[in-house]
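One-letter residues, chain by chain:
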Amino acid sequence: MKQPKIDLPKSRFEQVLDAIGLIVFIGSIVYLVYVFGGLPDEVPAHFNGSGEADRWGSKMELWILPLIGGGLWLLMTFLSKYPHTFNYLNLREDNIEAQYQNAHLMMNVLKNEIVIFFGFITYQTIQVAKGAEEGLGIAFLPVFLAVILGSTFYFMFRMLKL
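Each chain has its residues counted from 1, following the order in which its sequence is written. Totals for whole chains, interfaces and linings use all residues, but because this is a predicted model, local features are given only for residues with pLDDT of at least 70 and pairs of side-chain atoms are given and counted only at 80 or more. Remark: hydrogens and water are excluded; side-chain values derive from all non-hydrogen atoms of the structure.

(A) Just the pattern of salt bridges, in detail. Think of a salt bridge as a Lys or Arg side-chain nitrogen and an Asp or Glu carboxyl oxygen that are within 4 Å of each other. Overall, the coordinates contain four salt bridges when judged by the stated rule. Where Lys-10 meets Asp-18, a salt bridge forms, and the shortest distance between an N and an O atom there is 2.3 Å. Each residue is assigned to one of three classes by its accessible area relative to the maximum for its type, calculated with a 1.4 Å probe on protein chains only: buried under 20%, partly exposed between the two thresholds, exposed over 50%. Under the relative-accessibility criterion, Asp-18 is labelled buried at 5%. Several salt bridges converge on common partners, so that one network encompasses Lys-10, Asp-18 and Lys-111.

Here it is, written out as structure tokens:
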């Protein structure tokens, strides 16, 4: 079956998620600009699974986090406009629009979760560099995985039910 192209406007929920994601993204950049001059030359550049800094690098490396987060946000925003190109597990003629809406919402939720996590990592890295924190915290990795995988499985479950 050839998958038809359907124009899907953003729901109010997706608009709110995008606003939150953009506020966090812009806020993390503004905060980074604000504190950049006062940061030490070496800042945490990598954290291990326990949330402890295990590599230090130039403070210029802090710009990588918002660049990756913003780049992923833009890429996923672009990709979500083409749900007819996605692979579906349960696509039929009677559920195409519902499946597309589910996939569209999944991309929106995931991209905003990702940009929020990147914003948190940027903030926390700055706090570690300033000596105000010791790391990301032992709960960061399990929470990150639970949120991202939980969202993914939730939307896959919805896909199978449609």
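Alright, that's what it looks like, and here's the rest.
(B) Focus on the packing of helix 1 (residues 12–36) against helix 2 (residues 64–79). Between N-to-C directions, angles cover 0 to 180 degrees, with each direction set by a line fitted to C-alpha atoms, over the stretch in contact for helices. By the criteria applied, helices consist of DSSP H or I runs no shorter than four residues and strands consist of E runs no shorter than two, each listed in order from the N terminus. Helix 2 packs onto helix 1 with a crossing angle of 160° between their chain directions and a minimal axis gap of 11 Å. On the basis of their axis angle, the class for helix 1 and helix 2 is roughly antiparallel. As helix 1 packs across helix 2, the resulting crossing turns out to be left-handed. On helix 2, the residues touching Asp-18, Leu-22, Phe-25, Ile-29 and Leu-32 of helix 1 are Pro-66, Gly-70 and Trp-73. Under the scheme applied, nonpolar residues are Ala, Val, Leu, Ile, Met, Phe, Trp, Tyr, Cys and Pro; charged residues are Asp, Glu, Lys and Arg; polar residues are all the others, including Gly. Across the contact of helix 1 with helix 2, the residue classes break down as six nonpolar, one polar and one charged. Any angle from 65 to 115 degrees is called roughly perpendicular, while one under 35 is roughly parallel, one over 145 is roughly antiparallel, and all others are oblique. Helix crossings fall into two classes, left-handed where the near helix is turned counterclockwise from the far one by less than a right angle and right-handed where it is turned clockwise. It only takes one pair of heavy atoms within 4.5 Å for two residues to be counted as in contact.

(C) Representation of the packing of aromatic side chains. Planes of paired rings set the category: under 30 degrees apart is stacked, over 60 is edge-to-face and the rest tilted, where pairs are Phe, Tyr or Trp rings (Trp by its six-membered ring) whose centres lie within 6.5 Å. Evaluated as defined, the whole model comprises 10 aromatic pairs. An aromatic cluster is built from Phe-117, Phe-120, Phe-140 and Phe-144, whose rings are joined through pairwise contacts. Counted as over-ring charges are cases with an Arg CZ or a Lys NZ within 6 Å of the ring centre that also lie within 35 degrees of the ring normal. Of note, Lys-59 hangs over the ring of Phe-36, and the distance from its end group to the ring centre comes to 4.8 Å. Sitting over the ring of Trp-73, Lys-111 keeps its end group 4.3 Å from the ring centre.

(D) Region of interest: the environment of Met-60. By secondary structure assignment, the location of Met-60 is in the loop between strand 2 (53–58) and helix 2. Taking C-alpha positions, Met-60 is 8.5 Å from Asp-41, a pair spaced 19 residues apart along the chain.

(E) View of the environment of Ser-80. Summarising the element assignment, Ser-80 is placed in the loop between helix 2 and helix 3 (96–130). Relative accessible area serves as the criterion here: at 7%, Ser-80 is assigned to the buried category. Placed 47 residues apart in sequence, Ser-80 and Gln-127 show a C-alpha to C-alpha distance of 34 Å. Under this definition, polar contacts are N or O atom pairs within 3.5 Å; protein pairs additionally need one hydrogen-donor-capable and one acceptor-capable atom, and for neighbouring residues in sequence, both atoms have to be side-chain atoms. Of the polar contacts made by the side chain of Ser-80, one reaches the backbone oxygen of Thr-77; its length is 2.8 Å.

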